[in-house]
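Close look at the chain arrangement
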Amino acid sequence: MTPTADHESPATAGDDPEPASPSEDPPEPPSSAYGAGRPAALVVDITDATHRLDAGALRWLRAHATAAAVELRTSGEARVRVIADDEMAAAHERHLGIGSTTDVLTFDLSAGGDAVDADILVCLDEAARQADARGHDTARELLLYVIHGLLHCCGYDDADDASYARMHAREDEILAAIGVGATFARTDTEAAS
């Protein structure tokens, strides 16, 4: 298991250890992940360990994470835990030796298998800061982090400029497909709506 930490800009990616999946292009989903034209299930279980998300926001996050999982066309399970800055900073230090908070830590436990098996930590406090700066709500930012963690488990990486651009474009493609709209690279027009 190699945890993957993510930060806002590709310039900081060099500070992180090697990501869980160093391939340049993400692998195609295995054909066994499809049945009768429908993708196998990827279950995304989200727990709010902070108890600070209101019920509506948590329900929205769960529903949209499930929709995003369908777009990934893979199977398996991801356990997502929404945590606060202090817990994220401790996990970041414990697993990667970096003594600060971050937005998402992904623990890919699949050992190279076809199905996703992951634990993903997403930081509510960082999501609130970024959502405020970007002009959208915190649940939408958390959804971006969940999708980012899932993409790491599907072979995407953001260690260099090209893979960073490819990964974040895929995030926004998924968000658009599920009706949320681009979030990472929104235009000013999208931010105003």
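Keep in mind it's a predicted model, so treat the numbers as computed, not measured.

Let us now look at the overall build of the protein chain. Along the protein chain, the regular secondary structure elements total six helices and seven strands. Helices and strands appear in the protein chain in the N-to-C order β-β-β-β-α-β-α-β-β-α-α-α-α. A total of 193 residues make up the protein chain; the buried ones form 48% of that total. In the protein chain, the share of contacts with a sequence separation of at least 24, taken over all contacts with a separation of at least 6, comes to 67%. When the accessible surface of the protein chain is split by element, carbon and sulfur atoms take 50% of a total near 9000 Å².

In terms of nonpolar packing, the biggest core is built from 38 residues, with Val44, Val122 and Leu142 touching the most fellow members. Only strand S4 (42-48), helix H1 (55-72), strand S5 (76-83), strand S7 (116-123), helix H3 (124-134), helix H4 (138-153) and helix H5 (161-177) provide two or more residues apiece to this core. A per-element tally of this core places H4 first, with ten residues. Residues contacting Val122, with those up to four places away along its chain left out, are Val80, Arg81, Val82, Ile83, Met88, Asp103, Val104, Leu142, Tyr145 and Val146. Core analysis: the second largest hydrophobic core is formed by eight residues, Met88, Ala91, Leu96 and Leu105 among them.

Where burial is concerned, most of strand S6 (residues 104-108) is hidden: five out of the five residues are buried. Side chains Val104, Thr106 and Asp108 project from S6 onto one buried face, and the interleaved Leu105 and Phe107 project onto a second face that is buried too. In this structure, S6 lies alongside S7, joined through five bridges in antiparallel fashion. Paired with Phe107 across the two strands is Asp119, which belongs to S7.

Here we come to the state of the cysteines. Under the counting rule described, the total for this entry stands at zero disulfides. Just so you know, Cys153 is unpaired, no disulfide at all, and the nearest cysteine sulfur is the one on Cys154, 6.6 Å from it.

Basis of the calculations
Residues numbered from 1 in each chain as written. Predicted model: local features only at pLDDT ≥ 70, side-chain atom pairs only at ≥ 80, totals over all residues. Heavy atoms only, no water. Helix = DSSP H or I, 4+ residues; strand = E, 2+ residues; numbered from the N terminus. Buried < 20%, exposed > 50% of the residue type's maximum accessible area, 1.4 Å probe, protein only. Contact = heavy atoms within 4.5 Å. Areas by Shrake-Rupley, 256 points an atom, 1.4 Å probe, with all protein chains shown as cover. Core = buried A, V, L, I, M, F, W, Y, C linked by side-chain atoms within 4.5 Å. Pairing = 2+ DSSP bridges. Disulfide = S-S within 2.5 Å.

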